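# Remarks on the overall topology
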Amino acid sequence: MTHTSKRILSFVLCAIIAIVSLFTVLPTDIYAWDDMMISETLNIAEANKNKSGPGYNWANRTSELTLSGVNIYTDSAYGLRLPKDCTVILEGDNYIRAEKYGISCAGTVTFKGNGTLTIDAGKIGIYLISQNNTHKIRLIEGKYSITAGEYGVYSEAADFSFVGKSVDITVKNADGLAISGRSVNLIGGSFKANSSVVASRELVVDSIDLDISSSAPVFTSPILKIDNIKIDGADEYTNQTSLKAKATARFHLKSIILGDKYPGWVDYIILGAVLIIAASAIIIPLIRKKKKAKKLFERLKTEGYIDEN
């Protein structure tokens, strides 16, 4: 066999070994990916005991759902269904894709954690199905990216608040809305959207960076409160269809006085209490002094030392 023939034979053998190795390894990787992906609705709304799977863990006693790299990709109507009075903790990067509704919330739900959540839904990204206007949905930490056909967030009754790190909402339908709710609060962090935010009762926008473009006014509500932001190229909000703004103050998610274990609103309570105590320390002695002076005046008048005439 010539030298050239040996080289060709060696090359062919190496190619065969490489192809065999590829087909040996590839199915394993595919099966591993299939094991990690959830292809049906993750229904925590009906869970009555601890439940766990690839990328998630439900602690029934504390009503806490930890998402740590969950990958839900389903043709079902719902991606993730949540019960009322629960907490969702985000860890790492999490992804939910569903035919209609990315996440549905049956009642009060708090989202927190330092992870990310990406939602891709055919109709509504986060759907607040509760009809109770005392229920509240809070995104208090984390980064959120929502793509939806009609609404990024939709709620007829429950309050919705974003006070997290960042949220980016893309709505595909030209007539859709980034957020449609009863009472909506956008406080702290950054908010980006390609459509409007509408509230049927009250909309609060405070201490938040904004980047919104829409075919209609970016904010619409009977009661609209905008504070602690500076709008690019304008002194105030005048129904702009495109708006960029920077926060002029920062909403403190964590307590500065007591530390990260406590929410920022605790500081306001403490400061309020300090002001009340300080005011009391000044006002109460003055009241007591006035009462003593009045008693002395009455006694002196009774004893004839003071003549009213």
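Since the structure is predicted, the reported quantities are computational estimates derived from the model, not experimental observations.

Further remarks concern the overall build of the protein chain. Helix and strand content of the protein chain: two helices and 27 strands. Looking at the protein chain residue by residue over its 309 residues, the buried ones come to 37%. For the protein chain, the exposed area adds up to about 18,000 Å²; of that, 55% sits on carbon and sulfur atoms.

Examined against the element boundaries, Asn-94 turns out to sit in strand β8 (residues 93-98). Overall, the relative accessible area of 2% leaves Asn-94 in the buried class. A distance of 3.5 Å separates the side chain of Asn-94 from the backbone oxygen of Leu-67, its partner in a polar contact. At 2.7 Å, the side chain of Asn-94 and the backbone nitrogen of Gly-69 are in polar contact.

Summed over the entire model, instances satisfying the criterion amount to five salt bridges. In this structure, the salt-bridge partner of Asp-159 is Arg-182, at a minimum N-O distance of 3.4 Å. One end of the pair, Asp-159, is in strand β16 (residues 159-162); the other, Arg-182, is in strand β18 (residues 177-187), and 23 residues separate them in sequence. The burial state of Asp-159 is the same as that of Arg-182; both residues are buried.

Right, let's talk about the nonpolar core for a bit. Ranked by internal contacts, the top residues of the largest apolar core, which has 55 residues, are Leu-80, Leu-82, Phe-111, Phe-191, Leu-210 and Phe-219. Aside from chain neighbours lying at most four places away, what touches Leu-82 is Ala-45, Leu-65, Val-88, Ile-103, Ser-104, Cys-105, Ala-106, Val-109 and Phe-111.

All chains considered together, the criterion is met by six aromatic pairs. Centroid distance Tyr-78 to Tyr-101: 4.9 Å. Interplanar angle 35°. Geometry classified as tilted. With Tyr-78 in strand β6 (residues 78-82) and Tyr-101 in strand β9 (residues 101-105), this residue pair connects regions lying 23 residues apart in the sequence. Assessed through its relative accessible area of 12%, Tyr-101 is described here as buried. One residue, Arg-97, lies across the ring of Tyr-73, its end atom 5.2 Å from the ring centre.

Moving on: the sheet that holds strand β17 (residues 166-171). Strand pairs in the sheet, formed through backbone hydrogen bonds, run parallel or antiparallel to each other. Across the sheet, which stays open at both edges, the nine strands sit in the order β5-β8-β11-β14-β17-β19-β21-β25-β24 with mixed pairing between neighbours. Edge positions in the sheet fall to β5 (71-73) and β24 (229-231), since each has one partner strand and no second. Strand-to-strand twist of the sheet, defined as the mean angle between neighbouring strand axes without regard to direction, takes the value 10°. Looking at chain direction, strand β14 (residues 143-148) and β17 are connected through six bridges and run parallel. When the bridges of β17 are listed, Thr-147 appears paired with Thr-170.

Our focus in this paragraph is a nonpolar patch on the surface. A grouping of Ile-282, Ile-283, Leu-286 and Ile-287 is seen on the molecular surface, where their side chains present a nonpolar patch of about 390 Å² in accessible area. By secondary structure assignment, the location of Ile-283 is in helix α2 (residues 265-302). Given the relative accessible area of 46%, Ile-283 is considered partly exposed.

Per-residue confidence for the protein chain gives a mean pLDDT of 85, with 77% of residues at or over 70. Every residue in residues 22-34 is under pLDDT 50, and counting partners more than four places away or in other chains gives two contacts.

Bringing unusual backbone geometry into the picture now. With phi around 55°, Asp-85 is a residue other than glycine that occupies positive phi space. Assignment of secondary structure puts Asp-85 in the loop between β6 and β7 (86-91). Non-glycine residue Asn-239 carries a positive phi angle of around 60°. Along the chain, the position of Asn-239 falls in the loop between β24 and β25 (242-247).

In this section: the environment of Asn-60. Within the secondary structure layout, Asn-60 lies in the loop between β3 (56-59) and β4 (64-68). As a C-alpha pair, Asn-60 and Asn-48 span 12 residues in sequence and 6.6 Å in three-dimensional space. With sequence-adjacent residues up to four places away left out, Asn-60 is seen in contact with Ala-47, Asn-48, Lys-49 and Asn-50. Only 3.3 Å separates the side chain of Asn-60 from the backbone oxygen of Asn-48, close enough to count as a polar contact.

A separate point is the state of the cysteines. Counting across every chain of the model gives zero disulfides. Free of any disulfide, Cys-86 has its nearest cysteine sulfur in Cys-105, 7.1 Å distant. When its relative accessible area of 3% is taken as the criterion, Cys-86 is described as buried. You can call Cys-105 buried: its relative accessible area is 1%.

Cut-off values and rules
- Residues numbered from 1 in each chain as written.
- Predicted model: local features only at pLDDT ≥ 70, side-chain atom pairs only at ≥ 80, totals over all residues.
- Heavy atoms only, no water.
- Helix = DSSP H or I, 4+ residues; strand = E, 2+ residues; numbered from the N terminus.
- Buried < 20%, exposed > 50% of the residue type's maximum accessible area, 1.4 Å probe, protein only.
- Areas by Shrake-Rupley, 256 points an atom, 1.4 Å probe, with all protein chains shown as cover.
- Polar contact = N/O pair within 3.5 Å; in protein donor to acceptor, adjacent residues only side chain to side chain.
- Salt bridge = Lys/Arg side-chain N within 4 Å of Asp/Glu carboxyl O.
- Core = buried A, V, L, I, M, F, W, Y, C linked by side-chain atoms within 4.5 Å.
- Contact = heavy atoms within 4.5 Å.
- Phe/Tyr/Trp six-rings, centres within 6.5 Å; stacked < 30°, edge-to-face > 60°.
- Lys NZ or Arg CZ within 6 Å of the ring centre and 35° of its normal.
- Pairing = 2+ DSSP bridges.
- Axes fitted to C-alpha atoms, helices over the stretch in contact; angles between N-to-C directions.
- Patch = residues over 30% accessible without salt bridge, like charges linked within 9 Å, V, L, I, M, F, W, Y side chains within 5 Å.
- pLDDT = per-residue confidence, 0-100.
- Disulfide = S-S within 2.5 Å.

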